[in-house]
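Coordinate inspection notes
So you can see what is in the structure, the chains are spelled out below.
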Amino acid sequence: VWVVAEVPEKAASALEANSLAEISIPALAHEKIQGQLEYIASTVDAESRTVKIRIELPNPQLKLKPEMLARGRKGAINFHDGPLPRLAGLNAPGQ
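Residues numbered from 1 in each chain as written. Predicted model: local features only at pLDDT ≥ 70, side-chain atom pairs only at ≥ 80, totals over all residues. Heavy atoms only, no water.

1. Concerning the pairing of strand 2 (residues 20-25)
When strand 2 meets strand 3 (residues 31-40), the two strands line up antiparallel, connected through six bridges. The partner of leucine 20 across the bridge, within strand 3, is glutamine 36. Linking strand 2 to strand 3, which pair antiparallel, is a turn of five residues; within it alanine 29 sits at a positive phi near 55°. Here three bridges tie strand 2 to strand 5 (residues 71-74), and the two strands are oriented antiparallel to one another. Residue pairing for strand 5: isoleucine 23 is matched across the bridge by glycine 72. (Pairing = 2+ DSSP bridges. Helix = DSSP H or I, 4+ residues; strand = E, 2+ residues; numbered from the N terminus.)

Spelled out as structure tokens, the structure:
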């Protein structure tokens, strides 16, 4: 599955494609899952001043469901803004 999130523009330059990121799923008692940062958008959203990213997560036990909320971090960079993610939904590849 994928996690699609928005990262503040000032933090986006510190991200590297194909690096690891840690995702926490609130609905699964904040279980932490390691995923791979596979996409960093080349543009900044003019209204939100964020950059979209996509992280691929393993899901062998099928616990992760589309549209579950997720929180993420890569080093000191959080993939949310405030108590809930700005945009962080799980999607199955190909959908």
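2. A short note on the nonpolar core
Membership of the largest hydrophobic core comes to 18 residues, with the highest contact counts inside it found for Ile23, Ile25, Ile53, Ile55 and Leu57. Secondary structure elements with two or more residues in this core: strand 1 (2-8), strand 2, strand 3 and strand 4 (50-56). (Core = buried A, V, L, I, M, F, W, Y, C linked by side-chain atoms within 4.5 Å. Buried < 20%, exposed > 50% of the residue type's maximum accessible area, 1.4 Å probe, protein only.)

3. Notes on the environment of alanine 21
Note on placement: alanine 21 falls in strand 2. The exposure class assigned to alanine 21 is buried, which follows from its relative accessible area of 2%. C-alpha separation for the pair alanine 21 and glycine 72, spaced 51 residues apart in sequence, amounts to 7.1 Å.

4. Quick word on the pattern of salt bridges
Applying the stated criterion across every chain yields a total of three salt bridges. Here lysine 63 and glutamate 31 are joined by a salt bridge, their closest N and O atoms 3.2 Å apart. Of the two residues, lysine 63 is situated in the loop between strand 4 and strand 5 and glutamate 31 in strand 3; the sequence distance between them amounts to 32 residues. For glutamate 31, a relative accessible area of 29% gives the class partly exposed. Ionic pairing is found between glutamate 38 and arginine 54, a salt bridge with its closest N-O pair at 2.7 Å. Here glutamate 38, found in strand 3, pairs with arginine 54, found in strand 4; they are 16 residues apart in sequence, far enough to count as distant. By relative accessible area, which is 27% here, glutamate 38 ends up partly exposed. (Salt bridge = Lys/Arg side-chain N within 4 Å of Asp/Glu carboxyl O.)

5. Thoughts on the packing of aromatic side chains
Applying the stated criterion to the full structure yields zero aromatic pairs. Arginine 54 extends its terminal NZ or CZ atom over the ring of tryptophan 2, reaching a point 4.5 Å from the ring centre. (Phe/Tyr/Trp six-rings, centres within 6.5 Å; stacked < 30°, edge-to-face > 60°. Lys NZ or Arg CZ within 6 Å of the ring centre and 35° of its normal.)

6. Regarding the confidence of the model for the protein chain
In this model, the protein chain carries an average pLDDT of 80, and 81% of its residues clear a pLDDT of 70 or more. For the protein chain, per-element mean pLDDT is lowest for strand 7 (residues 89-91), which scores 56, and highest for strand 3, which scores 92. A low-confidence stretch, residues 81-87 (pLDDT under 50), is modelled with 16 contacts involving residues beyond four sequence positions or located in other chains. (pLDDT = per-residue confidence, 0-100. Contact = heavy atoms within 4.5 Å.)

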